[in-house]
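Take a look at the letters that make up each chain.
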Amino acid sequence: MKWITREKIKVDRVACPWLIKKFIDPDAEFLFLPHDTDWTMINDGTVFDVLNCELGHHAEDVSFNSMMKKYKLTEPALVLLGEIARAADSHPVNPHPAGEGLRWIAGGFGALGLSDHEILEREFVVYDALYAECKRRRGK
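*Asks:* What am I meant to see in the pattern of salt bridges here?
*Replies:* Pairing is possible between side chains that carry opposite charge, provided their charged atoms lie close to one another. Counted according to the given criterion, the structure contains 10 salt bridges. Between Lys22 and Asp128 there is a salt bridge, with the nearest N and O atoms lying 3.1 Å from each other. Of the two residues, Lys22 is situated in helix α1 (residues 12-24) and Asp128 in helix α5 (residues 116-137); the sequence distance between them amounts to 106 residues. Note on Lys22: relative accessible area 44%, which makes it partly exposed. For Asp128, a relative accessible area of 30% translates into the label partly exposed.

*Asks:* Mind showing me how you'd approach the packing of aromatic side chains here?
*Replies:* The description of an aromatic ring pair uses the distance of the two centres, along with the angle that the planes make with each other. This model, assessed by the stated rule, comprises six aromatic pairs. Measuring from centroid to centroid gives 6.4 Å for Trp3 and Phe48, while their planes differ by 65°, and the two rings are edge-to-face. With Trp3 in strand β1 (residues 2-6) and Phe48 in the loop between β3 (46-47) and α2 (63-70), this pair connects stretches of sequence that are 45 residues apart. By the burial criterion, Trp3 is buried, and Phe48 matches it. Centroid distance Trp18 to Tyr127: 6.2 Å. Interplanar angle 35°. Geometry classified as tilted. With a gap of 109 residues between them, Trp18 in helix α1 and Tyr127 in helix α5 connect regions that are remote in the sequence. Tyr127 carries the same exposure label as Trp18, and that label is buried. An aromatic cluster is present here, built from Trp18, Phe23, Tyr127 and Tyr131 joined pairwise through their rings.

*Asks:* Which parts of the structure should I look at to understand the state of the cysteines?
*Replies:* Disulfides are covalent bonds that link the sulfur atoms of two cysteine residues. Taken as a whole and judged by the stated rule, the model has zero disulfides. Counting only cysteine sulfurs, Cys53 is the nearest neighbor of Cys16, a cysteine outside any disulfide, at a range of 9.1 Å.

*Asks:* Looking at this structure, how should I read the nonpolar core?
*Replies:* Generally speaking, a soluble globular protein has its nonpolar side chains buried in company with each other. If you look at the biggest cluster of nonpolar residues, it comprises 37 residues, and the most contacted ones within it are Trp18, Phe64, Leu78 and Leu81. Breaking this core down by element, the ones donating at least two residues are α1, β2 (29-33), α2, α3 (76-89), α4 (98-111) and α5. Beyond its immediate chain neighbours, meaning those up to four positions away, Leu81 contacts Trp18, Phe64, Tyr127, Leu130, Tyr131 and Cys134. Among the nonpolar cores identified, the runner-up in size contains six residues, and Ile4, Trp39, Val50 and Cys53 belong to it.

*Asks:* Looking at this structure, how should I read α4?
*Replies:* Each α-helix turn comprises 3.6 residues. Residues three or four places apart therefore point the same way. Look at α4: 20 Å from first C-alpha to last across 14 residues, which is about the 20 Å you get at 1.5 Å a residue. Listed in full, the buried residues belonging to α4 are Gly99, Leu102, Ala106 and Phe109. Along the long axis of α4, the arc covered by the buried residues comes to 80°, so they all point the same way. In this structure, α4 carries Trp104 and Ala111 as exposed residues pointing more than 90 degrees from its buried face. On its buried side, α4 packs onto α3 and α5. Backbone geometry just downstream of α4 places Gly113 in the positive-phi region, at approximately 75°.

Calculation criteria
- The numbers attached to residues start from 1 for each chain and follow its sequence in the written order.
- Reporting of local features is limited, given that this is a predicted model, to residues whose pLDDT is at least 70; pairs of side-chain atoms are given and counted only at 80 or more, and all residues count toward the totals for whole chains, interfaces and linings.
- Heavy atoms from the whole structure form the basis of all side-chain values; hydrogens and water molecules are not counted.
- The salt bridge criterion pairs a side-chain nitrogen of Lys or Arg with a carboxyl oxygen of Asp or Glu, the two atoms within 4 Å.
- Helix and strand assignments come from DSSP, with helices taken as H or I runs of at least 4 residues and strands as E runs of at least 2, each series counted from the N terminus.
- Per-residue accessibility, obtained with a 1.4 Å probe over protein chains only, is compared with the maximum for each type, and a residue is labelled buried under 20%, exposed over 50%, and partly exposed between these values.
- Note on aromatic pairs: the rings of Phe, Tyr and Trp (six-membered ring only in Trp) are paired at centre separations within 6.5 Å, and the planes decide the class, stacked below 30 degrees, edge-to-face beyond 60, tilted for the rest.
- Here, the term disulfide refers to a pair of cysteine sulfur atoms separated by no more than 2.5 Å.
- For our purposes a nonpolar core is just a set of buried Ala, Val, Leu, Ile, Met, Phe, Trp, Tyr and Cys residues, chained together by side-chain atoms within 4.5 Å.
- Contacts: residue pairs with any heavy atoms within 4.5 Å of one another.
- Multiplying 1.5 Å by the residue count of a helix minus one yields the expected span of that helix.
- The arc in question is formed by the directions pointing from the helix axis toward the C-beta atoms.

Quick look at the structure:
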């Protein structure tokens, strides 16, 4: 399945593809389009993390949280990872302290001059490690 979002990915647009590949669609293909794309005209894939889409930001939730809700992902470690992604990508009332570090990591990857696909390839290991730590902290 095609998953489509904005180019120049940062926190949520890396966290979501990681979540998709690991828990929703292992054969996912990701397309990164310009910010000025008319997202309402896309009908050959699932749009995420753009304005006014189902799998986007809603209240304090970031797209990662919206995906977890839609696909009924409730594992405690993923919930914790969602809290961290929310803190890194938005400004919730009670941000998780690890969010600031994740925001810095995402900024660093963005500064390396890599393509969006290269960022995914390299940064997925960061999310694997963060998920492992979330599992450890949740006692699994």
